There are 2 protein chains.
Amino acid sequence: MSEKPRTPLLTVDIIIEISSGGIVLIERKNSPHGWALPGGFVDYGECLESAAVREAKEETCLDVTLIEQFHVYSDPLRDPRHHTVSTVFVAIADGTPQGADDAKIARAFVENELPNPLVFDHSQILTDYFKYKQTGQRPKP
Amino acid sequence: MSEKPRTPLLTVDIIIEISSGGIVLIERKNSPHGWALPGGFVDYGECLESAAVREAKEETCLDVTLIEQFHVYSDPLRDPRHHTVSTVFVAIADGTPQGADDAKIARAFVENELPNPLVFDHSQILTDYFKYKQTGQRPKP
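Now for the packing of aromatic side chains. If you walk through the whole model with that rule in mind, you get eight aromatic pairs over all chains. Judged by centre distance (5.3 Å) and plane angle (45°), the ring pair of A:Phe70 and A:Tyr132 falls under tilted. Pair noted here: A:Phe70 is in strand E5 (residues 65-73) and A:Tyr132 is in helix H2 (residues 122-135), with a separation of 62 residues, a long-range link. Summarising the burial analysis for this pair, A:Phe70 and A:Tyr132 share the class buried. On the basis of an interplanar angle of 90° and a centroid distance of 6.4 Å, the ring pair of B:Phe70 and B:Tyr129 is categorised as edge-to-face. Placement of the pair is B:Phe70 in strand E5 (residues 65-73) and B:Tyr129 in helix H2 (residues 122-135), with a sequence separation of 59 residues. Each member of the pair B:Phe70 and B:Tyr129 is classed as buried. Aromatic ring contacts, followed pair by pair, group A:Phe70, A:Tyr129, A:Phe130 and A:Tyr132 into a single cluster. Against the face of B:Tyr44 rests A:Arg6, its NZ or CZ located 3.7 Å from the ring centre.

All names here are of chain B. Between its first and last C-alpha atoms helix H1 (residues 48-60) spans 18 Å; for 13 residues at 1.5 Å apiece the expected length is 18 Å, and the two agree. Turning to H1, its buried residues are Leu-48, Glu-49, Ala-51, Ala-52, Glu-55, Ala-56, Glu-59 and Thr-60. In a view along the axis of H1, the buried residues occupy a sector of 160°, so they form one face of it. Backbone geometry just after H1 places Cys-61 at a positive phi near 65°.

Our focus in this paragraph is the interface of chain B and chain A. If you look at the interface, chain B gives 39 residues, while chain A gives 39 residues. Summing both sides of the interface, chain B and chain A together bury roughly 3700 Å²; the carbon and sulfur share of this comes to 62%. Counting every contact that joins chain B to chain A gives zero salt bridges. The interface formed by chain B and chain A contains 14 residue pairs in polar contact (both at pLDDT 80 or more). Looking at the side of chain B that touches chain A, the elements that each hand over two or more residues are strand E1 (9-18), strand E4 (39-41), H1, E5 and strand E6 (84-93) of chain B. The biggest single contributor to the side of chain B that touches chain A is E5(B), with six residues. Here the side of chain B that touches chain A is built from residues that sort into 17 nonpolar, eleven polar and eleven charged.

This part takes up the side chain of B:Arg138. Residues and elements named next belong to chain B. On the secondary structure map, Arg-138 appears in the segment after H2. By relative accessible area, Arg-138 is classed as buried at 19%. A distance of 3.0 Å separates a polar atom in the side chain of Arg-138 from the backbone oxygen of Phe-70.

Residues and elements named next belong to chain B. Structurally, Ser-20 can be placed in the loop between E1 and strand E2 (23-28). Overall, Ser-20 belongs to the exposed group, its relative accessible area being 65%. Spatially, the C-alpha atoms of Ser-20 and Asp-94 are 7.4 Å apart, while their sequence positions differ by 74 residues.

Rules used throughout
- Residue positions within a chain follow its written sequence, with the count starting from 1.
- Note on labels: chains are lettered from A, ligands numbered from 1, in written order.
- Predicted model: local features are reported for residues with pLDDT of at least 70 only, side-chain atom pairs are reported and counted for 80 or more only, and whole-chain, interface and lining totals are derived from all residues.
- Side-chain metrics in this entry use all non-hydrogen atoms of the structure; hydrogen atoms and water are not considered.
- To pair, rings of Phe, Tyr and Trp, with the six-membered ring standing in for Trp, must have centres within 6.5 Å; the planes then decide the type, stacked if under 30 degrees apart, edge-to-face if over 60, and tilted in the middle.
- Strands are runs of DSSP state E lasting at least 2 residues, helices are runs of H or I lasting at least 4, and numbering of each runs from the N terminus.
- Burial classes: relative accessible area under 20% of the type maximum marks a residue as buried, over 50% as exposed, and values in between as partly exposed (1.4 Å probe, protein chains only).
- To sit over a ring, a charge needs its Lys NZ or Arg CZ within 6 Å of the ring centre and within 35 degrees of the ring normal.
- An expected span of 1.5 Å times one less than the residue number is assigned to each helix.
- In this description, one arc is meant: the one made by directions from the helix axis to the C-beta atoms.
- Two residues qualify as a contact provided that any one of their heavy atoms is within 4.5 Å of a heavy atom in the partner residue.
- By convention, the term buried area covers the 1.4 Å-probe accessible surface removed from two parts as they join, with the contributions of both added.
- Each salt bridge in this description consists of a side-chain nitrogen of Lys or Arg and a carboxyl oxygen of Asp or Glu lying within 4 Å of one another.
- Distance and chemistry together define a polar contact, namely a pair of N or O atoms within 3.5 Å, with one atom able to donate a hydrogen and the other to accept it when in protein, and with adjacent residues in sequence counting only for side-chain atoms on both sides.
- All residues other than Ala, Val, Leu, Ile, Met, Phe, Trp, Tyr, Cys, Pro, Asp, Glu, Lys and Arg, Gly among them, are scored as polar; the first ten of these are nonpolar and the last four charged.

So yeah, pure geometry; function would need other evidence.
Laid out in structure tokens, this is it:
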């Protein structure tokens, strides 16, 4: 256990509930192209919560308040580039999102008007999230 | 985003509720010495759930059923060796735990008779867990 093992790469994604209604998605600048939750890699030495606040700010220009850890997604095939494991947070924010950094556009969407395509497993994450909001049931292991 | 960034190392820990009562802790063979939740590194290409079932089996000889993801702990100082980020699962199992692999001993303990010292942030994790069992309140971000 003293050697440094190879483990999956660690990311965060943030479901931002905006006070004017809806949740914030970004249109990605980079491949894979499409819409996604704001998020990105966690820096070595950075806790998940700091990474989530930082990535939300970088990609949407919003100052978010984290409400809860929602769920961790770790299917090795969820990202075509690497094996990434993402902790998804729920957060709230005021104001108008603006795309920046890796995001061409950042915009709020309501459940029945989500954009297409949603990349990675973000469609599954959002299905799980909307179910959780309705029923209080989190995804099972 | 196409370069491979350096992110924290990924681990799992498992709170095993044993059917005869108590939760299972192990006495570690390696440094830091003391008692801990069973757990270990996630392999690249392995999902968290598989890692949790595998590590529980390796260290306690128990076949566990995962009940839920509890919480992710990511303080950069939680492990003196590396920055590790651990997803903690709650699981159930029948039978008698037996220490193996990195565990000298595996044994069930009840809340008011936990062993000393508990290494890493496992004392905090257990405090959070017992609070959750009593109140339904998960740790906040």
